[in-house]
Amino acid sequence: MSSRTLPLLFINLGGEMLYILAQRLRAQNTPADKAKKVMNDIITTMFNKKFLEELFKPQELYSKKALRTVFDRLAHASIMRLNQASMDKLYDLMTMAFKYQVLLCPRPKDILLVSFNHMDAIKDFVKDTPNILSQVDETYQQLVEMYTPLSSGEFQLIRQTLLIFFQDMHIRVSIFLKDKVQNSNGRFVLPTCGPVPHGTQVPGLIRLFSCTGEEVTRLQFNNGGNYTAALREGSFETFGDRVTKLGTNMYSVSRPVETHMSGTSKNSAQHTKINTAPNPLAKEELNLLAKLMGGLEIQKLGNADSGFRVNLFATDEEEEEALITRPDELSYGVINIQATKDQQANAELAKIMGEFTESGDQSPSASSKGDDLLAMMDGL
């Protein structure tokens with residue numbers, strides 16, 4: 001598996017999370033100052049320098065529960081609160097949207113263009129806040145420096161690693177179902193039409209060559225689709241036309257978005273639960289996650305009145321029903337991170353935490369974090 005997958009996974013999922021939250025904040029008529037504070041605080045935390053330094057170090061992906069923990073904390077880095085059912089729905093939408101984008105990438109390298117589309121949108125969210133914008137620009141430069149030199153083979157490894165990560169996730173999403181790009185079992189429908197990958201030709205022709213390299217025969221065949229010539233290649237620079245629409249905001253036109261657990265997904269998850277053996281690398285994984293999160297403590301703050309709740313469902317009743325009906329094996333237990341007893345490691349985590357907090361305080365909207373992180377760390 002590729003050791004360069006984690007930053008792309010994090011940034012693309014983070015971009016989808018911001019799209020969804022922005023849409024929901026508008027739908028709930030959240031005051032503009034509060035909505036902006038939420039977005040600024042989350043993006044400030046997401047692009048914290050020390051956090052990203054750890055994220056960009058070559059490393060393998062870790063478990064879905066560990067990644068979910070990161071996004072639980074990230075979503076609650078501001079005054080906004082999400083109940084468990086809404087957080088489940090948010091994470092389902094994020095993961096299925098990015099899975100769809102990975103599946104549809106014409107070339108493995110185009111995953112980077114998808115990432116740049118997300119980064120372009122994130123920059124637009126904070127365009128009026130220069131200090132946060134500079135954080136995003138630094139990450140942009142890191143992405144360009146790290147990923148543009150990679151070979152096609154390395155991008156293929158990254159794509160395969162992402163698909164393996166998503167392979168058991170088959171959540172049905174109303175937008176995808178209505179657009180007929182997803183079947184009722186939660187699996188995506190891959191198109192047999194549209195432009196072919198850049199650098200390739202429309203299928204339908206077989207050419208035979210002699211041993212001297214001279215073309216001797218041409219054979220035509222029906223390709224079974226409605227393909228067109230490739231579009232121009234998208235820009236891999238910090239600024240430019242990405243060409244692909246993958247990674248742009250599919251919620252720009254407001255419409256209700258629901259998620260449903262498919263029967264296939266339930267059976268798959270049960271099967272996984274039964275056959276999962278203890279992971280001998282779990283301790284190292286938690287140590288890594290603790291380092292990534294900078295030893296951030298989860299606690300219930302006393303001043304809850306300054307925050308507000310965001311509901312990803314139409315009504316509170318729907319949210320409660322979703323929480324009750326969600327199968328236990330599909331609910332992500334949240335990992336309780338504790339610093340290791342090693343004093344040197346503790347000192348390092350304390351230092352990272354200090355810089356994490358200091359960096360966050362640079363934002364004018366990073367103070368008064370408000371309504372807690374929900375005491376989500378209830379153990380596995």
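Residues numbered from 1 in each chain as written. Predicted model: local features only at pLDDT ≥ 70, side-chain atom pairs only at ≥ 80, totals over all residues. Heavy atoms only, no water.

## As for the side chain of Arg242
Examined against the element boundaries, Arg242 turns out to sit in the loop between strand S6 (226-228) and strand S7 (259-261). Judged by relative accessible area, Arg242 falls into the buried class, the value being 2%. When sequence neighbours within four positions are dropped, the list of residues in contact with Arg242 reads Leu113, Phe116, Asn117, Asp120, Tyr140, Gly234, Ser235, Phe236 and Glu237. (Helix = DSSP H or I, 4+ residues; strand = E, 2+ residues; numbered from the N terminus. Buried < 20%, exposed > 50% of the residue type's maximum accessible area, 1.4 Å probe, protein only. Contact = heavy atoms within 4.5 Å.)

## Brief notes about the pattern of salt bridges
Enumeration according to the criterion identifies 13 salt bridges in this entry. Residues Lys50 and Glu53 are paired through a salt bridge, measuring 3.3 Å at the closest nitrogen-oxygen approach. A residue pair is termed a helical-turn pair when its members lie 3 or 4 positions apart in one helix, as Lys50 and Glu53 do in helix H3 (residues 49-55) at three residues. The exposure class assigned to Glu53 is partly exposed, which follows from its relative accessible area of 33%. Each of Arg68, Asp72 and Asp88 takes part in one network of salt bridges that share partners. (Salt bridge = Lys/Arg side-chain N within 4 Å of Asp/Glu carboxyl O.)

## Some thoughts on the layout of surface pockets
Considering only enclosed or pocket space, the second largest pocket measures out at about 630 Å³ in volume. Those elements that place two or more of their residues in the lining of the second largest pocket are helix H5 (84-104), helix H6 (110-125) and strand S3 (193-195). The biggest single contributor to the lining of the second largest pocket is S3, with three residues. Considering only residue class, the lining of the second largest pocket consists of 16 nonpolar, four polar and six charged. (1 Å grid on protein atoms, 1.4 Å probe; cavity = no way out; pocket = protein on both sides within 12 Å on 5 of 7 lines; lining within 4 Å. Points joined across faces, edges and corners; volume = space filled by probe spheres on them. Nonpolar A, V, L, I, M, F, W, Y, C, P; charged D, E, K, R; others polar.)

## Quick word on the packing of helix H1 (residues 6-27) against helix H7 (residues 130-147)
A pair of packed helices can be characterised by two numbers: the angle between their axes and the separation between those axes. The geometry of H1 relative to H7 is characterised by a closest axis approach of 12 Å and an angle of 140 degrees between their N-to-C directions. When the interaxial angle is binned, H1 and H7 end up oblique. Between H1 and H7 lies a crossing of left-handed hand. Along its contact with H1, which presents Pro7, Leu8 and Ile11, the element H7 presents Thr139, Leu143 and Tyr147. Class assignment for the residues of the contact of H1 with H7 results in five nonpolar, one polar and no charged. (Axes fitted to C-alpha atoms, helices over the stretch in contact; angles between N-to-C directions. Parallel < 35°, antiparallel > 145°, perpendicular 65-115°, else oblique. Left-handed = near helix turned anticlockwise from the far one by under 90°.)

## Let's talk about a nonpolar patch on the surface
On the surface, Ile206, Leu208, Val216, Leu219 and Phe221 cluster together into a nonpolar patch covering about 430 Å² of accessible area. If you list the elements that add at least two residues to the nonpolar patch, you get strand S4 (205-209) and strand S5 (215-220). Along the chain, Phe221 turns up in the loop between S5 and S6. (Patch = residues over 30% accessible without salt bridge, like charges linked within 9 Å, V, L, I, M, F, W, Y side chains within 5 Å. Areas by Shrake-Rupley, 256 points an atom, 1.4 Å probe, with all protein chains shown as cover.)

Purely spatial values, then, with no claim about function.
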